[in-house]
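Breakdown of the fold
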Amino acid sequence: MMRASGTFTVKLTPRAGDAYVDGKSLGRLTIDKVFEGDLSGTSVGQMLSAMSAVNGSAPDSRTDGLEWLHGHMQIIIEGGVHSYVF
């Protein structure tokens, strides 16, 4: 079994209500993360109250040669520092 760990920073940015359900604007945040340690890279995401058409969603987001990647990621927040174990 392989294991990767390290830290990451998170930048949350509130976005204007450009997502609508029944004519009502929904709250939305964009999320920018920078990972350091065994995994090095960036991620960009959004917090929404919706799911994709894929049953269970999220596993369908692997791209750029990482389609084989799977597992569980533990996020730890202590003293304002974010870290991960994957």
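Residues numbered from 1 in each chain as written. Predicted model: local features only at pLDDT ≥ 70, side-chain atom pairs only at ≥ 80, totals over all residues. Heavy atoms only, no water.

Right, let's get into the overall build of the protein. For the protein, the count of helices and strands is zero helices and seven strands. The linear arrangement of helices and strands in the protein, starting from the amino end, is β-β-β-β-β-β-β. Expressed as a percentage of its 86 residues, the buried residues of the protein come to 14%. Of the contacts formed within the protein by residues at least 6 apart in sequence, a portion of 38% connects residues at least 24 apart. Of the accessible surface of the protein, which amounts to about 7000 Å², a share of 58% is contributed by carbon and sulfur atoms. (Helix = DSSP H or I, 4+ residues; strand = E, 2+ residues; numbered from the N terminus. Buried < 20%, exposed > 50% of the residue type's maximum accessible area, 1.4 Å probe, protein only. Contact = heavy atoms within 4.5 Å. Areas by Shrake-Rupley, 256 points an atom, 1.4 Å probe, with all protein chains shown as cover.)

Here we come to the sheet that holds strand β5 (residues 41-47). Pairing between sheet strands relies on hydrogen bonds along the backbone, with the strands arranged either parallel or antiparallel. A sheet is described by the order of its strands in space; here five strands give the open sequence β5-β4-β1-β7-β6, paired in antiparallel fashion. A single partner strand is all that each edge strand has here, and the edge strands are β5 and β6 (74-78). Each neighbouring strand pair of the sheet contributes to a mean axis angle of 30°, computed without reference to strand direction. One ladder, built from seven bridges, connects strand β4 (residues 28-37) with β5; its direction is antiparallel. What sits directly across from K33, in β5, is S43. (Pairing = 2+ DSSP bridges. Axes fitted to C-alpha atoms, helices over the stretch in contact; angles between N-to-C directions.)

Right, let's get into the packing of aromatic side chains. Within the structure shown, the criterion is met by two aromatic pairs. Measuring from centroid to centroid gives 5.7 Å for F35 and Y84, while their planes differ by 70°, and the two rings are edge-to-face. Remark: Y84 occurs in strand β7 (residues 81-85) and F35 occurs in strand β4; sequence separation between them is 49 residues. Take F35 and Y84: they sit in the same class, and that class is buried. One aromatic cluster is present, built from ring pairs that chain together F8, F35 and Y84. (Phe/Tyr/Trp six-rings, centres within 6.5 Å; stacked < 30°, edge-to-face > 60°.)

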